[in-house]
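One letter stands for each residue in the lines below.
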Amino acid sequence: MKHRLHEDFASLSRLLSVLLGFASLMLFADGIYMPLKALGFSLYRHELDAFATFLDQVVPLLPALLLLGALWQGRRLFRQLSVGDPLSPQAAAGVRCTGEWIISAAVTGLFIGEMFSGAPGWALLAGLGAIGMALCSLAGVLDHAAAIKADFDQIV
């Protein structure tokens, strides 16, 4: 049973690695490459507003970058779980960190969406926030489970 669980965690880690690579490539290709190219041309022509224009195009991508951070942390968590104990303080810290990345993406999306487009997409951001808070709550449960397991191991 434990071997099967470790295999499942390893499989999830590989899946998140593929998703992270694909999402990073898509974000760079669709969102960052052209503004970087335009910034280079503008700086070459000594245009003074080049950096401000670059920021106007790239700042709205900050929530997506934070979600990439959540994918990276999730991949790291599943990699750790594939070789370690799921009921450990390290696992709880990894789950909590993943939840915090997701919450920060939701909050950042709220502010950036309000600033740049006026419509932040409340349903998506509420869903992301709920998922992040659920992961943080799960981390608390894992902390308690790890403490109970440690107490049980000391008794036995």
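This text goes with the structure placed above it.
Being a predicted model, the structure only gives us computed values, none of them experimental.

Student: Where do I start with the overall build of the protein chain in this structure?
Tutor: Within the protein chain one finds five helices and zero strands. Counting helices and strands in the order they occur from the N terminus, the protein chain gives α-α-α-α-α. Computed over C-alpha atoms, the radius of gyration of the protein chain comes to 20 Å, more than 25% over the 15 Å expected from 2.2 N^0.38 for 156 residues, which places it beyond the range of a compact globule. Taken over the C-alpha atoms alone, the protein chain extends approximately 75 × 30 × 25 Å along its principal axes. Buried positions account for 31% of the 156 residues belonging to the protein chain. Summarising the internal contacts of the protein chain: among those between residues at least 6 apart in sequence, 75% fall at separations of at least 24. Per element, the accessible surface of the protein chain, about 9,900 Å² overall, is 72% carbon and sulfur. Within the protein chain, the 12 negative side-chain charges are centred at a point lying 9 Å from the centre of the 10 positive side-chain charges.

Student: Where do I start with helix α5 (residues 122-155) in this structure?
Tutor: An α-helical turn contains 3.6 residues, so any two residues separated by three or four positions project in the same direction. Compared with the 50 Å implied by 1.5 Å per residue over 34 residues, the 49 Å span of α5 between its first and last C-alpha is a close match. All of the buried residues in α5 are L125, L128, G129, G132, A139, L142 and A146.

Student: Explain the layout of surface pockets here, please?
Tutor: Of the voids in this model, the largest pocket is the one considered here, and its volume is about 260 Å³. Taken together, 16 residues make up the lining of the largest pocket; nearest its centre are G74, L77, F78, T98 and L135. Counting residues per element, the ones that place at least two in the lining of the largest pocket are α3 (62-83), α4 (89-116) and α5. For the lining of the largest pocket, the class distribution of residues is 14 nonpolar, two polar and no charged.

Student: Whenever I open this one, helix α2 (residues 50-58) confuses me. Can you help?
Tutor: Taken together, the buried positions of α2 are A50, F54 and V58. With its buried residues spanning 55 degrees around the axis, α2 presents them on a single face.

Student: Sorry if this is basic, but what is going on with the packing of aromatic side chains here?
Tutor: Two aromatic rings are characterised by how far apart their centres lie and by the angle between their planes. One pass over the full model with this rule turns up two aromatic pairs. With a centroid separation of 5.9 Å and an interplanar angle of 25 degrees, the aromatic rings of F9 and F78 are classed as stacked. With F9 in helix α1 (residues 2-44) and F78 in helix α3, the pair connects residues that are 69 residues apart, well separated along the chain. For F9, a relative accessible area of 14% translates into the label buried.

Student: What am I meant to see in the environment of Q80 here?
Tutor: Within the element layout of this structure, Q80 appears in helix α3. Note on Q80: relative accessible area 29%, which makes it partly exposed. Q80 sits 56 residues away from S24 along the chain, and the two C-alpha atoms are 22 Å apart.

The rules behind each value
- Residues numbered from 1 in each chain as written.
- Predicted model: local features only at pLDDT ≥ 70, side-chain atom pairs only at ≥ 80, totals over all residues.
- Heavy atoms only, no water.
- Helix = DSSP H or I, 4+ residues; strand = E, 2+ residues; numbered from the N terminus.
- Rg over C-alpha atoms; globule rule 2.2 N^0.38 Å.
- Buried < 20%, exposed > 50% of the residue type's maximum accessible area, 1.4 Å probe, protein only.
- Contact = heavy atoms within 4.5 Å.
- Areas by Shrake-Rupley, 256 points an atom, 1.4 Å probe, with all protein chains shown as cover.
- Lys, Arg positive; Asp, Glu negative; His and termini not counted.
- Charge placed at Lys NZ, Arg CZ, Asp CG, Glu CD.
- Expected span 1.5 Å × (residues − 1).
- 1 Å grid on protein atoms, 1.4 Å probe; cavity = no way out; pocket = protein on both sides within 12 Å on 5 of 7 lines; lining within 4 Å.
- Points joined across faces, edges and corners; volume = space filled by probe spheres on them.
- Nonpolar A, V, L, I, M, F, W, Y, C, P; charged D, E, K, R; others polar.
- Arc of directions from axis to C-beta.
- Phe/Tyr/Trp six-rings, centres within 6.5 Å; stacked < 30°, edge-to-face > 60°.

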